[in-house]
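Here's the letter readout for the chains.
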Amino acid sequence: MKTYGTEPGAPTPVQVGISELAVSDGDETLRSYGLGSCLAIALYDPDSEIGGLAHAMLPDGDAAENSDRKPGKYADTAIRALLRRMVEKGASYTSVEAKIAGGSDMFEFDSFGDGVGQRNVVAARDELEKLGVPLVAEDVGGDRGRTVEFTPGSGTLLVKISESDGTTGVTEL
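What counts as what
Residues numbered from 1 in each chain as written. Predicted model: local features only at pLDDT ≥ 70, side-chain atom pairs only at ≥ 80, totals over all residues. Heavy atoms only, no water. UniProt positions renumbered as here; feature names shortened; annotations may be inferred. Helix = DSSP H or I, 4+ residues; strand = E, 2+ residues; numbered from the N terminus. Buried < 20%, exposed > 50% of the residue type's maximum accessible area, 1.4 Å probe, protein only. Contact = heavy atoms within 4.5 Å. Areas by Shrake-Rupley, 256 points an atom, 1.4 Å probe, with all protein chains shown as cover. Pairing = 2+ DSSP bridges. Axes fitted to C-alpha atoms, helices over the stretch in contact; angles between N-to-C directions. Salt bridge = Lys/Arg side-chain N within 4 Å of Asp/Glu carboxyl O.

Taking an unreviewed UniProt entry as the reference, the protein chain is identified by name as Probable chemoreceptor glutamine deamidase CheD belonging to Natronobacterium haloterrestre. Annotation of the protein chain in UniProt includes, under Catalytic activity (unreviewed entry), the sentence "L-glutaminyl-[protein] + H2O = L-glutamyl-[protein] + NH4(+)". On record in UniProt, under Function (unreviewed entry), the comment for the protein chain is "Probably deamidates glutamine residues to glutamate on methyl-accepting chemotaxis receptors (MCPs), playing an important role in chemotaxis."

Written out as structure tokens, the structure is:
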């Protein structure tokens, strides 16, 4: 059986861990595992083929004291940091588009209102709208974990979801 990433000469994807972000140009693949309530935020400029991926854990970095040291931890600060780093690499701010995935409600806590996953999604949508970055695709919510693979050169975001019956579904955004 042939599995993605095992072909001879296939490039090794760049891992983007929890609270991290990465920017790339071209065909390099950026991957994040274990998105439960966390949110994958993929930004890309289709003209320059520069893009980035963040694995945001919490919604609001503006209220946190340490958000400048770890901007990828929060949905709002991750988006600003990705944009800044992409423009520094040559992306055009006005051409950047966004895709998001994750934001599941993995556990039910009725006393807390909206779960962290939903708050992450709302924070990302709000920040993107505030900055004028169009959100062109999303795969959010539910109660399943996700793994994402993002290729900035094509703007393709693959979202893999493990189903309760043991199968894996793949969605291309």
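Novice: Help me understand the overall build of the protein chain, please; the structure alone is not making it clear to me.
Specialist: Per the secondary structure count, the protein chain includes two helices and 10 strands. Ordered by position from N to C terminus, the α and β elements of the protein chain give β-β-β-β-β-α-β-α-β-β-β-β. Scored against the burial criterion, the 173 residues of the protein chain give a buried share of 46%. In the protein chain, once contacts between residues fewer than 6 apart in sequence are set aside, the share between residues at least 24 apart is 62%. When the accessible surface of the protein chain is split by element, carbon and sulfur atoms take 49% of a total near 8800 Å².

Novice: Even after reading the chapter, I still don't get the sheet that holds strand E1 (residues 14–15), so can you show me in this structure?
Specialist: Sheets are built from strands that pair by backbone hydrogen bonding, the pairs being arranged parallel or antiparallel. Strand order in the open sheet made by the five strands is E1-E3-E8-E9-E10, with mixed pairing throughout. Strands at the two margins of the open sheet, each flanked by one partner only, are E1 and strand E10 (168–172). Alignment of strand E8 (residues 146–151) against strand E9 (residues 156–162), held across six bridges, turns out to be antiparallel. Counted as the bridge partner of Glu149 is Leu158 from E9.

Novice: Before we go on, may I ask you to explain the sheet that holds strand E6 (residues 97–102) in this structure?
Specialist: Spatially, the five strands line up as an open sheet ordered E2-E5-E4-E6-E7, and their pairing is mixed. Looking at the sheet topology across the chains shown, the edges are occupied by strand E2 (21–25) and strand E7 (135–140). If you compare each strand with its neighbour and ignore which way they point, the axes differ by 10 degrees on average. Inspection of the sheet shows strand E4 (residues 39–45) paired to E6 by six bridges, in the antiparallel sense. In the sheet register, Ala40 faces E6, and the bridge partner there is Ala101. In the packing of helix H2 (residues 116–131) onto the sheet, the strands contacted are E4, strand E5 (50–56), E6 and E7, and the crossing angle to E7 comes to about 175 degrees.

Novice: I tried to follow unusual backbone geometry on my own but got confused; where do I start?
Specialist: Leaving glycine aside, a negative phi is the common case for residues, and trans is the common case for peptide bonds. In this model, Ser19 sits at a positive phi of 70 degrees, which is unusual for a non-glycine residue. By the element assignment, Ser19 lies in the loop between E1 and E2. Notably, Glu49 is not glycine yet its phi reads approximately 60 degrees, a positive angle. Within the secondary structure layout, Glu49 lies in the loop between E4 and E5. Residue classification places Glu49 among the partly exposed residues on the basis of a relative accessible area of 36%.

Novice: Whenever I open this one, the pattern of salt bridges confuses me. Can you help?
Specialist: Two side chains bearing opposite charge may form a pair once their charged atoms approach each other closely. The final tally for this structure, using the stated rule, is eight salt bridges. In this structure, Arg146 engages Asp139 in a salt bridge whose closest nitrogen and oxygen atoms are separated by 3.1 Å. Classification of Arg146 as buried rests on a relative accessible area of 6%. Through salt bridges with shared partners, a single network forms among Asp76, Arg80, Glu127 and Lys130.

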